[in-house]
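What follows is each chain in one-letter form.
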Amino acid sequence: RSSSSACFRAFETSLRRSAGMSGYDEGGVYVNDMGAPMDEEDGDSRNASRIKYREFIRTYRDEQRGTFIYREQLLAHYNAGEYYLDINLDHLLAYDSRLTNALMASPGVHLALFEKAATEAAELIAVSSEARSSDIPAIQILLSASKSPSTIREMLSSQVSRLVHIPGIITQAGKPQPKVTVATAVCRNCRHHLRIANRQGLSNIPLPRVCRAPRTEGDNSERCQLDSYQVLPEESDFVDQQRLKLQEAPETVPTGDMPRTLKLIVDRHLVGKVTPGQRVTVTGVFTVISSKPQEGNGRGKNGAADALSIREPYLRVVGLKVGMDTDGKGSLARFTAEEEEHFRAMARSGDIRERIVKSIAPSICGRDDVKAAVACLLFSGTRKRLNDGMHLRGDVNVLLLGDPSVAKSQFLKFAEKVAPIGVYTSGKGSSAAGLTAMVTQEPSTREFYLEGGAMVLADGGIVCIDEFDKMREQDRVAIHEAMEQQTISIAKAGITTVLNSRAAVLAAANPAFGAYDDSQELESNLDLATTILSRFDLIFILRDLRNEELDAQIARHVMGLHTHAGAHTAGADADASDEIPIETLQRYIHYCRTRCFPRLTESAAVVLQAHYVKFRTQMRALEKEGGGGIPVTVRQLEAIVRVSESLAKMELSQFATEEHVAEAIRIFTVSTIESAKSGGLTMEGHVDGEVQTCEKLIKNRVLVSHHMSQKVLIDELCKQGLSEKAAKTAINILVQRDEFRLEKQNKYLKRLR
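Residues numbered from 1 in each chain as written. Predicted model: local features only at pLDDT ≥ 70, side-chain atom pairs only at ≥ 80, totals over all residues. Heavy atoms only, no water.

Describing the overall build of the chain
Then, number 1: On a plain count of helices and strands, the chain comes out with 27 helices and 28 strands.
Then, number 2: Relative to its 753 residues, the chain shows a buried fraction of 47%.
Then, number 3: Sequence separation of at least 24 residues holds for 73% of the intrachain contacts in the chain that already meet a minimum separation of 6.
Then, number 4: Here the chain displays about 37000 Å² of accessible surface, and carbon together with sulfur accounts for 50% of that area. (Helix = DSSP H or I, 4+ residues; strand = E, 2+ residues; numbered from the N terminus. Buried < 20%, exposed > 50% of the residue type's maximum accessible area, 1.4 Å probe, protein only. Contact = heavy atoms within 4.5 Å. Areas by Shrake-Rupley, 256 points an atom, 1.4 Å probe, with all protein chains shown as cover.)

Here it is, written out as structure tokens:
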């Protein structure tokens, strides 16, 4: 360290006299197309700022660790062949507040000086390491700050040409393209070579129309013709550049408003760092560029004036922080020591699970098992990566099936509100592309871009889909991969890629007849295929039962909500004493999801294994007796594991014990198993032999494009010794496969293929 400091002092004088390296930001630097060049500051002021930046890099010390942060970082990056430097603006502010204010106010000027100072410091490191300083490219400065970021809605004219911090979600990512930084042009007539520096951001190099070859006095040779220069790509300098689109986070968009977007331009080391669906906080220069005139106005009377007056904003990114904590709220990103101690005390209280269940949708009366399932969905299990590279999902998917007015949508709205990352959508207004991803084409460049849908934007959170039964079948099939593998594969318009959609799904659906029909079997009431049902870990059937005692309890609860809404009474305060406030619950969920990753203990795994074998044995015994049997497949076994881990995560426990497994089995039993027992809900991979026989007989009885009464067909099957339940189940399976169709108020059956 002492030898490095000596080298810095030894070459100080020579570096002040030298012009430095010709880097990306050297020459005429503009903040935007209409910005002022560097000449707005005199040479002495620019030189003094450059020296201050260099001194900051080489002398700033971390008081706690006693190390030179940026000197060591620059040395480590130089040895690794990475020519960039991460600068925290808080450190620069503590070092020199005037210099920081100048950087914030005029980033186009000072970023060039900062990068030149970093390159000079890298030259000193190269000399001390006996490397050739001419081989060092320009050092890129990447900025970050911990202050509260702004929003896209605050990007107005007052922010033009200033340094800003904006959070959001990347919804669109273009292909990396080379951008010329210094172009070499040659005259076609006299072969005169000219080096032209390009401006940053979205800009093109204007080639001179007149040849600039020096002419001596008395030279009467013929002048070169106009527009004689052409660019030599092989002798020009290029850097990588990429276009992105930033969108407001869904939870920050005002109700009834459309989410706003902002175009981003990243270059050099920031290219290829993000994909659609990732949450980021970007630091950059808010810039404008001349907007192209609309078609038909370019040659009009006011076409040129409109092109000069209308400006399109974009952000030239100089810093990029990737992660799901950067949502703009600031509260979810960091936890104080007092908060962490408070959360650990909550976890040790012993009744934290009961308090969390009471805090889930407190305006809904009863439904404690559903609230426990929603709590497991919010906390989620542990995502695992196997040795072969495969991933096991940790998110819990929950389906609520039931009559109208049983508070299904309220559960979805509350979960979307309390989840750190939540996206709410309706099945009727959602398409396959809107849920997964789509490929769009930029009108100006005609280039194809990948844009993420709802499940991509909710990566790391939850997706709430209401009216799940109203979705088209092809749209439901599109989310099969996203629900199980938690990825979305895209192969459109020459773009082949895989996007992450690590999100839990909370869906609500109504029965096929609007309300649950007791005279029909369960599969007749459900208009959902078995393939989609098997991807839900917990399935609840919510019935609007006519019970006098229950009706009176619900009526008192609803009347209490209406009469005491917004008022504080003694009874309400007593009931709410155990409830966790929504803000605290949201922060506690985020803390548990990011700090705790429980695993099953060996004893709990043995208990769960024995339970699985027991259920499978019971199923085989029922099949031998002629019963339907309730299968528990491997997917349901993994579902119980995930629910157990989520229950342990509520207590900040690193291990899921037998107690957690027992509670998970109870929740699974009262949800999916009870739903299956109520009417023969079949899981994927299990079809009863009697049902298969009915399918064959129905196909032999009804020809293609012919009709037959459903009642007559069921009577014929019953006369052959088959049960009515198996006949109805076979008809429902054939209808779901699109082999048959019910017509005339479901009285007739028509064979399609």
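From this point, the discussion proceeds with the structure in view.
A look at the packing of aromatic side chains
Then, number 1: As enumerated under the stated definition, the model contains ten aromatic pairs in all.
Then, number 2: On the basis of an interplanar angle of 70° and a centroid distance of 6.4 Å, the ring pair of Phe56 and Phe114 is categorised as edge-to-face. In this pair, Phe56 sits in helix α3 (residues 43-59) while Phe114 sits in helix α7 (residues 107-128), placing the two residues 58 residues apart along the sequence. For the pair formed by Phe56 and Phe114, the shared burial category is buried.
Then, number 3: Centre to centre, the rings of Phe343 and Tyr588 are 5.5 Å apart; their planes meet at 65°, and the pair counts as edge-to-face. (Phe/Tyr/Trp six-rings, centres within 6.5 Å; stacked < 30°, edge-to-face > 60°.)

Notes on the packing of helix α26 (residues 710-719) against helix α27 (residues 724-736)
Then, number 1: Interaxial distance between α26 and α27 falls to 9 Å at its minimum, and their mutual angle equals 130°. On the basis of their axis angle, the class for α26 and α27 is oblique. When the axes of α26 and α27 are compared, the crossing they make is right-handed. For the pair formed by α26 and α27, the contact residues are Gln710, Ile714, Leu717 and Cys718 on the first element and Glu724, Ala727, Lys728 and Ile731 on the second.
Then, number 2: Looking at the contact of α26 with α27 residue by residue, the class counts come to five nonpolar, one polar and two charged. (Axes fitted to C-alpha atoms, helices over the stretch in contact; angles between N-to-C directions. Parallel < 35°, antiparallel > 145°, perpendicular 65-115°, else oblique. Left-handed = near helix turned anticlockwise from the far one by under 90°. Nonpolar A, V, L, I, M, F, W, Y, C, P; charged D, E, K, R; others polar.)

A short note on the nonpolar core
Then, number 1: By size, the foremost hydrophobic cluster in this structure holds 56 residues, and its most contacted members are Ile356, Leu378, Val398, Leu400, Leu538 and Tyr588.
Then, number 2: Considering every element that reaches this core, the biggest residue donor is helix α11 (residues 368-379), with nine residues.
Then, number 3: If you look at the next biggest cluster of nonpolar residues, it comprises 30 residues, including Val423, Ala454, Val456 and Leu499. (Core = buried A, V, L, I, M, F, W, Y, C linked by side-chain atoms within 4.5 Å.)

Considering the environment of Gly168
Then, number 1: Locating Gly168 in the fold gives a position in strand β5 (residues 163-173).
Then, number 2: Note on Gly168: relative accessible area 4%, which makes it buried.
Then, number 3: In this structure the C-alpha to C-alpha distance between Gly168 and Thr281, which are 113 residues apart in sequence, comes to 6.4 Å.
Then, number 4: Residues contacting Gly168, with those up to four places away along its chain left out, are Leu246, Gln247, Gln278, Arg279 and Val280.

Points about a negative patch on the surface
Then, number 1: Together, Asp544, Glu548, Glu549 and Asp551 make up a negatively charged patch on the protein surface.
Then, number 2: In this structure, Glu548 sits in helix α19 (residues 548-563).
Then, number 3: Judged by relative accessible area, Glu548 falls into the exposed class, the value being 72%. (Patch = residues over 30% accessible without salt bridge, like charges linked within 9 Å, V, L, I, M, F, W, Y side chains within 5 Å. Salt bridge = Lys/Arg side-chain N within 4 Å of Asp/Glu carboxyl O. Lys, Arg positive; Asp, Glu negative; His and termini not counted. Charge placed at Lys NZ, Arg CZ, Asp CG, Glu CD.)

Some words on the sheet that holds strand β28 (residues 748-751)
Hydrogen bonds between backbone groups are what pair the strands of a sheet, and the pairing can be parallel or antiparallel.
Then, number 1: Taken together, three strands build an open sheet; the order of strands is β26-β28-β27 and the sheet is antiparallel. Of all the strands in the sheet, just β26 (707-709) and β27 (740-743) have a single pairing partner and so form its edges. The sheet shows a mean angle of 30° between the axes of neighbouring strands, direction not considered.
Then, number 2: As judged from the three bridges shared by β26 and β28, these two strands associate in the antiparallel manner. Within β28, the residue paired with Ser709 across the bridge is Tyr748.
Then, number 3: Those strands touched by α26 are β26, β27 and β28, and its axis lies near 70° from that of β26.
Then, number 4: Running over the sheet, α27 touches β27 and β28 and is turned about 105° from β27. (Pairing = 2+ DSSP bridges.)

A closer look at the sheet that holds strand β19 (residues 462-466)
Then, number 1: Pairing is parallel in the open sheet, where five strands are placed in the order β16-β19-β22-β15-β23. One side of each edge strand has no neighbouring strand; the edge strands of this open sheet are β16 (422-426) and β23 (538-542). The mean angle between the axes of side-by-side strands here comes to 15°, regardless of whether they run parallel or antiparallel.
Then, number 2: Both β16 and β19 contribute to a ladder of five bridges, which runs parallel. When the sheet's bridge partners are listed, Val423 is paired in β19 with Val463.
Then, number 3: Lying on the sheet, α11 is in contact with β15 (398-402), β19, β22 (504-509) and β23; it crosses β23 at an angle near 150°.

As for the state of the cysteines
Then, number 1: Per the counting criterion, the structure on display carries zero disulfides.
Then, number 2: Residue Cys694 stays outside any disulfide, its sulfur separated by 8.2 Å from that of Cys718, the closest cysteine.
Then, number 3: The exposure class assigned to Cys694 is buried, which follows from its relative accessible area of 0%. (Disulfide = S-S within 2.5 Å.)

Comments concerning unusual backbone geometry
Most of the time, phi is negative for any residue but glycine, and the peptide bond is trans.
Then, number 1: Of note, the phi angle at Ser380 is positive, near 65°, even though the residue is not glycine.
Then, number 2: With respect to the helices and strands, the residue Ser380 is situated in the loop between α11 and β13 (384-385).
Then, number 3: Ser380 gets classed as buried once you look at its relative accessible area, which sits at 5%.
Then, number 4: For Gln486, which is not glycine, the phi torsion reads 60° and is therefore positive.
Then, number 5: As for its position among the elements, Gln486 is in the loop between α16 (480-484) and β20 (487-492).

Brief notes about helix α10 (residues 352-359)
The α-helix winds at 3.6 residues per turn, so residues separated by three or four positions along the chain end up facing the same way.
Then, number 1: Taken as a whole, α10 has its buried residues at Ile352, Arg353, Ile356, Val357 and Ser359. Viewed along the axis of α10, the buried residues span an arc of 165°, placing them on a single side of the element.
Then, number 2: Phi turns positive one or two residues past the end of α10, at Ala361, with a value near 45°. (Arc of directions from axis to C-beta.)

Digging into the confidence of the model for the chain
Then, number 1: Here the chain averages 76 in pLDDT, and 79% of its residues register 70 or above.
Then, number 2: Averaged pLDDT values for the elements of the chain fall to 42 in helix α2 (residues 12-17) and rise to 90 in strand β25 (residues 655-656).
Then, number 3: Contacts of residues 293-307 to residues separated by more than four positions or lying in other chains number seven contacts, the stretch itself having pLDDT below 50. (pLDDT = per-residue confidence, 0-100.)

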